Amino acid sequence: MHYTALFWIIIAIVIVSFVWDQILTALNRSRMSDTLPPELEGIYGTEEYARQQQYQRAGSRFGTISSVCNTVLLLVVLAVGAAGWLDAHLQRLTTHYLLLPMLFFGIIFLAVTLIGLPFDYYDTFTIEERFGFNKSTRKLFFADALKGLLLTMVLGAVIVAVVAFFYHLTPRWFWLIAWGVLTLFSVGIGYFYSQLIVPLFNKQTPLEEGELRDALLALGQRAGFQITNIFVLDSSKRSTKSNAYFTGFGKRKRIVLYDTLLEDLDTAEIVAVLAHEIGHYRKHHTLIGLALGVLLQGIQLRIMAFFLASTAAAVALGSQVAAPSFCLGLIAFSMVFAPISELLSVGEAALSRRHEYQADAFAAQMGLAEPLISGLKKISAKALSNLTPHPLVVFWEYSHPTLLQRMEQLQEK
């Protein structure tokens, strides 16, 4: 493929992606109304629903503004060949096959973080704070941003170095070797996530003895699921939104409850939410997701090999030398693969929604359908969740069914 054709394909992908996102946003906006729909009675009050609509509109407007800014900036970067310029200037410092890509992508990560920081700041301290969700301080916000940047750069450097090393060692088979190594890396991160990554941002403390812990242990016995590690996460220092999740594998698996969840839900509702999470574990949803992720990673690496060896990819992104470039090839691959990834994510979202229904059904089999519905109502109302999104948006983006869909399924159990 000629580099000019590839350049315009990349430009088209960026523009079409932006337009499609705006279409989905407009469809969601078309569903907004100041009148409380009958199906939301008992979940939102009239005033609370008006507040929810204001929150959705504010988020939608801000999302459009940030999307326009990011798209225009990306088009400018592509038009002036900024990636090629950066690659050429770094090659004056070093041409080492590991150091060059680590420097290149380190600068990219830094630039993306700095560009996104003002948007994150506005979202946190204007929109989220206006509607009562933000509990973070500015000091904590910037500390999180710094930790996130350093963590991204370290993990990113490891991944880039692995791919670059094996590509240099054996260009033909690097994708297969890198696939195996990155799979082990991904599994390791998942295994130790709660012990190594979470403590960088949050404090986890064992759930205290008492009624709730006894109820959760009793649930585990009924479900044939051994519960030993139950932790509470201090999420309230950043947000009022609630959640709960499982993490780790085998003996290192643990249940993590947001402290906001303990504040918002009663014991029966928390037990029901945990039954839902146990349902995910018992149905092997985590392992299925991991297997699919590994499979897709292999496909990506195989396609990536073509772009890394492509002269057209390098020239299309601004290289002045008619030769393949590892750094520019990787950037070109990520942009061309984006629409494929988007379509794959639609399938993953559909599978995820199916898994959510199955986990809900597991909780219902434990006799917990009503407290689960009650708990989901409280969580959705507290988060000002959009309960009437456009069906196409749900199909395209939602990893969870809407609250109303989940209620309908649970009420049939």
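The rules behind these values
Residues numbered from 1 in each chain as written. Predicted model: local features only at pLDDT ≥ 70, side-chain atom pairs only at ≥ 80, totals over all residues. Heavy atoms only, no water. Helix = DSSP H or I, 4+ residues; strand = E, 2+ residues; numbered from the N terminus. Expected span 1.5 Å × (residues − 1). Buried < 20%, exposed > 50% of the residue type's maximum accessible area, 1.4 Å probe, protein only. Salt bridge = Lys/Arg side-chain N within 4 Å of Asp/Glu carboxyl O. Pairing = 2+ DSSP bridges. Axes fitted to C-alpha atoms, helices over the stretch in contact; angles between N-to-C directions. Contact = heavy atoms within 4.5 Å. Parallel < 35°, antiparallel > 145°, perpendicular 65-115°, else oblique. Left-handed = near helix turned anticlockwise from the far one by under 90°. Nonpolar A, V, L, I, M, F, W, Y, C, P; charged D, E, K, R; others polar. pLDDT = per-residue confidence, 0-100.

### Details of helix H10 (residues 285-308)
The end-to-end C-alpha separation of H10 is 34 Å, in line with the 34 Å expected for 24 residues at 1.5 Å each. Among the residues of H10, His285, Leu296, Gln297, Gly298, Leu301, Met304, Ala305, Phe307 and Leu308 are the ones counted as buried.

### Notes on the pattern of salt bridges
Taken as a whole, this structure holds four salt bridges when the rule is applied. Salt-bridge contacts for arginine 213 lead to glutamate 209; the nearest nitrogen and oxygen are separated by 3.7 Å. Taking the relative accessible area as the measure of exposure, arginine 213 reaches 13% and is therefore buried. The salt bridge involving glutamate 269 is made with lysine 378; its shortest N-O contact spans 2.9 Å. Pair noted here: glutamate 269 is in helix H9 (residues 267-282) and lysine 378 is in helix H14 (residues 369-382), with a separation of 109 residues, a long-range link.

### Looking at the sheet that holds strand E2 (residues 230-233)
In spatial order, the strands read E1-E2-E4-E3; together these four strands make up an open sheet with mixed pairing. Here the strands that pair on one side only, and so sit at the sheet edges, are strand E1 (204-206) and strand E3 (244-247). Averaged over neighbouring strand pairs, the angle between their axes works out to 30° when direction is ignored. As judged from the three bridges shared by E1 and E2, these two strands associate in the antiparallel manner. Bridge assignment links proline 206 to a residue of E2, and that residue is phenylalanine 231. Strand contacts of H9: E3 and strand E4 (254-258), with the helix running at about 35° to E3, the strand carrying the most contacts.

### Re the packing of helix H5 (residues 138-169) against helix H6 (residues 174-197)
It is at 9 Å that the axes of H5 and H6 come closest, and there the two elements cross at 160°. In this view, H5 runs roughly antiparallel relative to H6, as classed from their interaxial angle. Note on packing geometry: the crossing formed by H5 with H6 is right-handed. Residues Leu151, Leu155, Val158, Ile159, Val162, Val163, Phe166 and Tyr167 of H5 touch H6, and the partners they reach there are Phe174, Ile177, Ala178, Val181, Leu182, Phe185, Ile189 and Ile197. For the contact of H5 with H6, the class distribution of residues is 16 nonpolar, no polar and no charged.

### Let's talk about the confidence of the model for the protein chain
A residue-level look at the protein chain finds 98% of positions with pLDDT of 70 or above and a mean pLDDT of 88. When the elements of the protein chain are averaged for pLDDT, E3 gives the smallest value, 74, and helix H15 (residues 391-397) the largest, 95.

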